[in-house]
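Topology and contacts: notes
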Amino acid sequence: MRRSPNIIITGTPGVGKTTLCESLAEKGVLKHLSINQVVKDNGCHEGWSEEHQSWIVDEDKLLDAIEDEVKEGGCIIDWHACDLFPESWIDLVVVLRVDNTILYDRLAARNYHDAKLQENLDAEIMEVIIEEAREAFDEQIVIELTSNTSEEMEANQDRIEQWIKNWRMNNTNA
Ligand code: DAT
């Protein structure tokens, strides 16, 4: 049994996953597992998609690469998809949400080309990732948090830290 929980922080690109994960990891709360980095470092992909400007991920290779680490617990998984991770690995799924005008500015600042920018804005409006999370996991472990401002990000961080404390209290002596 895990002594520390595994959390997925997910959401459309630009919602603030990496910023939140890094800040939780800096405080030593849990370990930041950037799936983007794992995919790159371990070659868990079938090449680069020019159209999507992202790696074409080989999900089996990716799961093999992280399995031992995740099974030990204490990981914050940072990725824009969540339904590939086995339910038994995961204790909490946090879906970050952002208003579309704010998301537009953040993605434009990354110089995303128009098609990619629009694709991501549509995904956010259509609630693609929250739907995916609710279908793949027990609804009770899926939470949706807005992250428009740094104040909201701090509040989200506090809330997740509190959740982790509670999880540890409820699970370590069980
Ligand atoms: P993601 O990992 O979801 O793609 P990110 O963490 O790289 O997103 O953040 C995208 C940009 O937005 C980055 O410049 C930092 C900024 N940002 C993230 N969360 C924020 C927040 N809650 N308030 C203001 N800016 C935020």
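Residues numbered from 1 in each chain as written. Predicted model: local features only at pLDDT ≥ 70, side-chain atom pairs only at ≥ 80, totals over all residues. Heavy atoms only, no water.

As recorded in an unreviewed UniProt entry, the chain goes by Adenylate kinase isoenzyme 6 homolog and comes from Sarocladium strictum. The Sequence similarities (unreviewed entry) field of the UniProt record for the chain holds the comment "Belongs to the adenylate kinase family. AK6 subfamily." Under the UniProt heading Subunit (unreviewed entry), the entry covering the chain gives this text: "Interacts with small ribosomal subunit protein uS11. Not a structural component of 43S pre-ribosomes, but transiently interacts with them by binding to uS11." (UniProt positions renumbered as here; feature names shortened; annotations may be inferred.)

Time to look at the nonpolar core. Within the largest apolar cluster, 26 residues are counted, with the highest numbers of intra-cluster contacts made by Ile 66 and Phe 85. Elements supplying a minimum of two residues to this core: helix H2 (35-42), helix H3 (59-72), strand E5 (75-78), strand E6 (92-97) and helix H6 (128-136). Here this core gets four residues from one element, more than from any other, and that element is H3. (Core = buried A, V, L, I, M, F, W, Y, C linked by side-chain atoms within 4.5 Å. Buried < 20%, exposed > 50% of the residue type's maximum accessible area, 1.4 Å probe, protein only. Helix = DSSP H or I, 4+ residues; strand = E, 2+ residues; numbered from the N terminus.)

This part is about the environment of Arg 168. Looking at the secondary structure, you find Arg 168 in helix H7 (residues 150-171). Setting aside anything within four residues of it in sequence, one finds Arg 168 in contact with Arg 3, Ser 4, Pro 5, Val 29 and Leu 30. (Contact = heavy atoms within 4.5 Å.)

Among the 15 residues in the neighbourhood of the ligand, the closest are listed as Gly 14, Thr 18, Thr 19, Arg 110 and Thr 149. Within the backbone of Gly 14, one N or O atom sits 2.8 Å away from an oxygen atom of the ligand. Here Thr 19 contributes a side-chain N or O atom positioned 2.5 Å from an oxygen atom of the ligand. Expressed as a share of its isolated accessible area of 550 Å², the protein-covered part of the ligand is 71%. Among the elements of the structure, helix H1 (17-26) and H7 are those that each provide at least two residues to the shell around the ligand. Class assignment for the residues of the shell around the ligand results in three nonpolar, nine polar and three charged. (Near = heavy atom within 4 Å. Polar contact = N/O pair within 3.5 Å; in protein donor to acceptor, adjacent residues only side chain to side chain. Areas by Shrake-Rupley, 256 points an atom, 1.4 Å probe, with all protein chains shown as cover. Nonpolar A, V, L, I, M, F, W, Y, C, P; charged D, E, K, R; others polar.)

For the rest of this paragraph, the subject is H6. If you check which residues of H6 are buried, you get Ile 129, Ile 130, Glu 132 and Ala 133. Each buried residue of H6 sits inside an arc of 160° when the element is viewed along its axis, so together they form one side. Residues of H6 that are buried make contact with strand E1 (7-10), E6 and strand E7 (142-146). (Arc of directions from axis to C-beta.)

What follows deals with the environment of Asp 105. Structurally, Asp 105 is set in helix H4 (residues 100-109). A C-alpha to C-alpha distance of 9.3 Å links Asp 105 and Gly 14, two positions 91 residues apart in sequence.

It is worth spelling out a negative patch on the surface at this point. Together, Glu 59, Asp 60, Asp 64, Asp 83, Glu 87, Glu 131, Glu 135, Asp 138 and Glu 139 make up a negatively charged patch on the protein surface. Only H3 and H6 provide two or more residues apiece to the negative patch. Of the residues forming the negative patch, the biggest block, three residues, is contributed by H3. Its place among the elements puts Asp 60 in helix H3. (Patch = residues over 30% accessible without salt bridge, like charges linked within 9 Å, V, L, I, M, F, W, Y side chains within 5 Å. Salt bridge = Lys/Arg side-chain N within 4 Å of Asp/Glu carboxyl O. Lys, Arg positive; Asp, Glu negative; His and termini not counted. Charge placed at Lys NZ, Arg CZ, Asp CG, Glu CD.)

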